[in-house]
Amino acid sequence: MHYNKFANTEDTLSILGFGGVIVTNTPAKTAARYVSEAFDRGITYFDVAPFYGNAQQMLGPALRPYRERCFLACKTRERTAEGARRELEESLRLLNTDHFDLYQLHSLQKVEEDVNIACGPGGALETIVKARNEGKIRHIGFSAHTEEAAHAAMDRFDFDSVLFPCNYFSWTHGKFGPSVLERAREKNMARLGLKAIAHRPWTKEEFKSFFRPWHKCWYKPLEDPTLMETALRFALDQGLTAAIPPGHWDLFEMCLGIAERGELGPPSAEALEQLGAFAKEDSPLFRAA
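Residues numbered from 1 in each chain as written. Predicted model: local features only at pLDDT ≥ 70, side-chain atom pairs only at ≥ 80, totals over all residues. Heavy atoms only, no water.

### Quick word on the overall build of the protein
Broken down by element type, the protein carries 12 helices and 12 strands. Over its C-alpha atoms, taken along the principal directions, the protein stretches across nearly 50 × 45 × 40 Å. Approximately 12,600 Å² of the protein is accessible, and the part contributed by carbon and sulfur atoms is 50%. Between the averaged position of the 35 positive side-chain charges in the protein and that of its 39 negative side-chain charges there is a distance of 3 Å. (Helix = DSSP H or I, 4+ residues; strand = E, 2+ residues; numbered from the N terminus. Areas by Shrake-Rupley, 256 points an atom, 1.4 Å probe, with all protein chains shown as cover. Lys, Arg positive; Asp, Glu negative; His and termini not counted. Charge placed at Lys NZ, Arg CZ, Asp CG, Glu CD.)

As structure tokens, this is what we get:
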């Protein structure tokens, strides 16, 4: 496993992160096995949130033996200081920890409804900064799914990290992502990537199907190992500190196997051409506004 520094700190993260959705609705023994295997194979970065079903309840006990040797990130979708404090304390309790290495404003979508409220007077960011002063949080970040919200957040506060989609099809076909990651690089922020191996949105029929594979994904992921490797290589080559694969153990393990095979350098031009040709008729998951 390879590791990168978290921004300009002494913390290091495995280049792949373990998304808490993996353990949502899994038996306790299964959750413990997933976490144990991931840690034994070099994963040190774990990410979870209160609204991932019962992920916090399952991850907390499973992660207990490794807590002091890993980097644990959590999030809040609350936008007020009071709501964020309540959610933070509950997450600390459920995850059996006295602090988070990273705590993030999550799912910033709209400037007025999300960024301005969360970063304004009485907003969630007030609680997060106070919690950092109390030693309950070490680093402060945010996640976003729109470029507008990401840039607005970076205007309002000196965040330590951004969690943002970094996907080949959205990058090249949708022109989505480059400006956010470039600005984060200029600000010396850690760049954490989502959706690296996403393919396209589910069709309505696929999404409603009882037999839909990868039911924890709200998008259709790549399934071919060669294409997955190219997409993952592309994302990491954009300067990501780490990438978080989808919340299915089988997909995570496939990405883990790719990372274990050696240095994940840039994909070849031929590999990128094959990846682009595979989805040339499909809509990207994200497009720039």
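### Structural notes on the pairing of strand β5 (residues 71-76)
Counted residue by residue, β5 has 6 buried out of 6 residues, so it is predominantly covered. The sheet contact formed by strand β4 (residues 45-47) and β5 spans 3 bridges and is parallel. Its bridge partner being in β5, Phe46 is matched across the sheet by Leu72. Chirality of the crossover, the property in question, places the unit of β4, helix α2 (residues 55-63) and β5 among those that are right-handed. Of the strand pairs in this sheet, β5 and strand β6 (residues 100-108) are connected by 4 bridges, and their pairing is parallel. Following the sheet pairing, Cys74 is matched in β6 by Tyr103. Taken together, β5, helix α3 (residues 81-94) and β6 constitute a β-α-β crossover, and its handedness is right-handed. (Buried < 20%, exposed > 50% of the residue type's maximum accessible area, 1.4 Å probe, protein only. Pairing = 2+ DSSP bridges. Right-handed = clockwise from strand over helix to strand, strands pointing away.)

### Some words on the packing of α3 against helix α5 (residues 124-133)
Packed helices, taken two at a time, are described by their axes: the angle between them and the distance between them. Contact geometry for α3 and α5: axes closest at 6 Å, N-to-C directions at 45°. The angle between the axes of α3 and α5 places the two elements in the oblique class. Pair α3 / α5 crosses with right-handed handedness. The residues of α5 that touch α3, namely those facing Ala81, Glu82, Ala84, Arg85 and Leu88, are Ala124, Glu126, Thr127, Lys130 and Ala131. Considering only residue class, the contact of α3 with α5 consists of 5 nonpolar, 1 polar and 4 charged. (Axes fitted to C-alpha atoms, helices over the stretch in contact; angles between N-to-C directions. Parallel < 35°, antiparallel > 145°, perpendicular 65-115°, else oblique. Left-handed = near helix turned anticlockwise from the far one by under 90°. Contact = heavy atoms within 4.5 Å. Nonpolar A, V, L, I, M, F, W, Y, C, P; charged D, E, K, R; others polar.)

### Observations regarding the pattern of salt bridges
Under the definition given, this model contains 21 salt bridges. One salt bridge in this structure joins Arg41 and Glu253, with 3.3 Å as the shortest N-O distance. With a gap of 212 residues between them, Arg41 in the loop between α1 (28-40) and β4 and Glu253 in helix α11 (residues 249-260) connect regions that are remote in the sequence. Looking at Glu253, the relative accessible area reads 29%, which means it is partly exposed. With a shortest N-O distance of 3.2 Å, Asp101 and Arg67 are connected by a salt bridge. With Asp101 in strand β6 and Arg67 in the loop between α2 and β5, this residue pair connects regions lying 34 residues apart in the sequence. On the basis of relative accessibility, which here comes to 5%, the residue Asp101 falls in the buried class. (Salt bridge = Lys/Arg side-chain N within 4 Å of Asp/Glu carboxyl O.)

### Some words on the state of the cysteines
Summed over the entire model, instances satisfying the criterion amount to 0 disulfides. Take Cys70: it sits in no disulfide, and the sulfur closest to it among the cysteines is that of Cys74, at 12 Å. Note on Cys70: relative accessible area 9%, which makes it buried. With a relative accessible area of 0%, Cys74 lands in the buried category. (Disulfide = S-S within 2.5 Å.)

### Points about the side chain of His199
Along the chain, the position of His199 falls in strand β10 (residues 198-201). Engagement of the side chain of His199 in a polar contact is seen with the side chain of Asp282, the distance being 2.7 Å. Those residues in contact with His199 that lie beyond four places of it in its chain are Phe169, Lys220, Pro221, Leu222, Phe278, Ala279, Asp282 and Ser283. (Polar contact = N/O pair within 3.5 Å; in protein donor to acceptor, adjacent residues only side chain to side chain.)

### Some points on the side chain of Glu87
By secondary structure assignment, the location of Glu87 is in helix α3. No salt bridge is formed by the buried Glu87, whose closest oppositely charged neighbour, Arg77, lies at an N-O distance of 7.1 Å. What Glu87 contacts, discounting residues up to four positions off in sequence, is Pro50, Lys75, Thr76, Arg77, Glu78 and Tyr103.

### Observations concerning the sheet that holds β4
Read from one edge of the open sheet, 8 strands run β3-β4-β5-β6-β7-β8-β9-β12, paired in parallel fashion. This sheet does not close on itself; its edge strands, each paired only once, are β3 (17-19) and β12 (242-243). Here α2 sits on the sheet and contacts β3, β4 and β5; the angle it forms with β5, its principal contact strand, is near 165°.

### Let's talk about the packing of aromatic side chains
Within this structure, the stated rule accounts for 18 aromatic pairs. Seen in terms of ring centroids, Tyr45 and Phe71 are 6.1 Å apart; in terms of plane orientation they differ by 75°. Their pairing is edge-to-face. Within this pair, whereas Tyr45 is found in strand β4, its partner Phe71 is found in strand β5, the two being separated by 26 residues in sequence. By relative accessible area, which is 3% here, Phe71 ends up buried. Consider the rings of Trp218 and Tyr219, whose centres lie 5.6 Å apart with planes at 90°: the pair is edge-to-face. By relative accessible area, Trp218 is classed as partly exposed at 43%. Feature note: the residues Phe18, Tyr34, Phe46, Trp249 and Phe252 constitute an aromatic cluster, connected by ring pairs. Across from the ring centre of Phe51, 3.9 Å away, lies the NZ or CZ of Arg77, which sits over that ring. (Phe/Tyr/Trp six-rings, centres within 6.5 Å; stacked < 30°, edge-to-face > 60°. Lys NZ or Arg CZ within 6 Å of the ring centre and 35° of its normal.)

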